[in-house]
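Each chain, written out:
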Amino acid sequence: MTHYAEKMLASFPEGMKIPDALVAFFHWLDTQNLYRDFDGNNGNARALIDAARDNYLLYAAPVNMEDAKSWTQSDDPAVYNRLAPFFRLGGNGTHAALWRDDAGETQIVILGSGSTGVLTANAVDFLRLIAIGYEEYSFPDQYDLTPMEIYEEEYGDGDAEEYEEDYGEPKPAPPAPPHALRDWVCRTFDTTIPDRASDIVREVADMDADTSTDPFWIWEHSLDKWT
């Protein structure tokens, strides 16, 4: 077992079932030399999903149980050990986490600033999701758009020279998908990568909604932090 994969797997709470697809993903990150070590990240190491993406909005990192305690606002291991944030999804601190549901099964959930709930039906779908090529996944209301459509909404569809004349700075490069990750996911799991996140993700629950049928939303709202 390689160093990064070993560190990732050892960081999950004891007894939590880690999907085989995620285990394979952690090994793949290691073989691609995407492992990085950073000061100020609670002693954790990060692994980028693409060497060309150096903005660090998307990365896998060993689980820090202090994050689970903070999210659940609980010091009870029976509560916080059911949640394991392992992948940063965006600049506002949104994470994907493994959650052990009431049946003891592991689900992948999103922990966002305004959204919370089951993110994908399984781990392969999670890998398909992050392989689409968004700059970040913090805003589920953008999941109906492709990465290029989001880019054009933000920066316009004019050429780079026109943009620089208007704004006095170079136009950011358009989004490029993480090609190596896409190829690996398709080959390893005999699947395809869709154009937009909404082809994978069902509706994500609103954290502040009065009610929801999402099982993670229901569990989270049963915690003491909501009473």
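Residues numbered from 1 in each chain as written. Predicted model: local features only at pLDDT ≥ 70, side-chain atom pairs only at ≥ 80, totals over all residues. Heavy atoms only, no water.

## Concerning the pairing of strand 5 (residues 95–100)
In terms of strand pairing, strand 4 (residues 83–88) meets strand 5 through 5 bridges, oriented antiparallel. Looking at the pairing, F87 lines up with A96 of strand 5. Connecting strand 4 to the antiparallel partner strand 5 that follows it, the hairpin turn spans 6 residues, and G93 within it adopts a positive phi of roughly 90 degrees. Taken together, the 6 bridges between strand 5 and strand 6 (residues 106–111) define a ladder with antiparallel strand orientation. Within strand 6, the position partnered with R100 by the bridge is T106. (Pairing = 2+ DSSP bridges. Helix = DSSP H or I, 4+ residues; strand = E, 2+ residues; numbered from the N terminus.)

## Remarks on the packing of helix 2 (residues 20–31) against helix 5 (residues 123–130)
In the contact formed by helix 2 and helix 5, the axes pass within 7 Å of each other and the chain directions differ by 40 degrees. Regarding the angle of helix 2 to helix 5, the classification is oblique. Together, A21, L22 and F25 of helix 2 and A123, V124, F126, L127 and I130 of helix 5 make up the contact between the two elements. (Axes fitted to C-alpha atoms, helices over the stretch in contact; angles between N-to-C directions. Parallel < 35°, antiparallel > 145°, perpendicular 65-115°, else oblique. Contact = heavy atoms within 4.5 Å.)

## Some points on the nonpolar core
As a rule of thumb, nonpolar side chains are buried together in soluble globular proteins. Ranked by size, the top nonpolar core spans 62 residues in total, and within it L22, F25, F26, F86, F87, F126 and I130 carry the most contacts. Counting residues per element, this core draws most heavily on helix 2, at 6 residues. Among all residues touching F87, those that are not within four sequence positions of it are F25, I49, L58, Y59, A60, T94, H95, A96, F126 and I130. (Core = buried A, V, L, I, M, F, W, Y, C linked by side-chain atoms within 4.5 Å. Buried < 20%, exposed > 50% of the residue type's maximum accessible area, 1.4 Å probe, protein only.)

## Points about the confidence of the model for the chain
Confidence in the prediction of the chain, expressed as mean pLDDT, is 90, and 93% of residues score 70 or more. Averaged pLDDT values over the elements of the chain bottom out at 76 in strand 1 (residues 35–37) and peak at 98 in helix 5. (pLDDT = per-residue confidence, 0-100.)

## Observations regarding the packing of aromatic side chains
Applying the stated criterion to the full structure yields 16 aromatic pairs. Taking 5.2 Å as the distance between ring centres and 75 degrees as the angle between the ring planes, the aromatic pair formed by W99 and F216 counts as edge-to-face. Residue W99 is located in strand 5, and its partner F216 is located in helix 9 (residues 215–221); the two are separated by 117 residues in the primary sequence. Cluster of aromatic residues (ring-pair linked, three or more members): F12, F25, F26, F86, F87 and F126. (Phe/Tyr/Trp six-rings, centres within 6.5 Å; stacked < 30°, edge-to-face > 60°.)

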